[in-house]
Amino acid sequence: MENQPANSNSQSQKLGAEIKKTWGKLTDEEIGFQATKPDSFFEAVKTKYSLSRGEAEKTVKKLEAECASTGSTSSGKSSDAASGPVAKAS
């Protein structure tokens, strides 16, 4: 644990919660496999949701990015405004 950042566990918990929201049929044990046994995790997603590993990996990467971005802001929704102005059609 000495080599892990202090917020690593917090981000891991956030990611687990987001995975649970996304794939609610997964057990807590299966969600835990995401970090320790990725093959087992992706097999569970495939079995319960008929998603390919590639599709599931894309979703996990998106969730990881969302967790990382919300970890540095006070509100999860405020990160959208930080992406810049939206061009309006003329």
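These numbers were taken from a predicted model, which means no experiment stands behind them.

**Description of the side chain of Q34**
Then step 1. Inspection of the secondary structure puts Q34 in helix α2 (residues 28–36).
Then step 2. Excluding residues within four positions of it along the chain, Q34 makes contact with L15, I19, F41, V60 and E64.

**A word on the nonpolar core**
Then step 1. If you look at the biggest cluster of nonpolar residues, it comprises 14 residues, and the most contacted ones within it are I19, W23, L26, F41 and V45.
Then step 2. Counting residues per element, the ones that place at least two in this core are α1 (8–22), α2, α3 (38–49) and α4 (53–71).
Then step 3. What V45 contacts, discounting residues up to four positions off in sequence, is W23, L26, S50, L51 and A56.

**Considerations on unusual backbone geometry**
Then step 1. The phi torsion at S50 lies on the positive side, around 55°, for a residue other than glycine.
Then step 2. Following the sequence through the fold, S50 ends up in the loop between α3 and α4.
Then step 3. Looking at S50, the relative accessible area reads 66%, which means it is exposed.

**Structural notes on the packing of aromatic side chains**
Then step 1. Tallied over the entire structure, the rule returns two aromatic pairs.
Then step 2. Clustering of aromatic rings is evident, with ring pairs tying together W23, F41 and F42.
Then step 3. A cation sits over an aromatic face here: K25 above Y49, 5.1 Å from the ring centre.

Calculation rules
- Residues numbered from 1 in each chain as written.
- Predicted model: local features only at pLDDT ≥ 70, side-chain atom pairs only at ≥ 80, totals over all residues.
- Heavy atoms only, no water.
- Helix = DSSP H or I, 4+ residues; strand = E, 2+ residues; numbered from the N terminus.
- Contact = heavy atoms within 4.5 Å.
- Core = buried A, V, L, I, M, F, W, Y, C linked by side-chain atoms within 4.5 Å.
- Buried < 20%, exposed > 50% of the residue type's maximum accessible area, 1.4 Å probe, protein only.
- Phe/Tyr/Trp six-rings, centres within 6.5 Å; stacked < 30°, edge-to-face > 60°.
- Lys NZ or Arg CZ within 6 Å of the ring centre and 35° of its normal.

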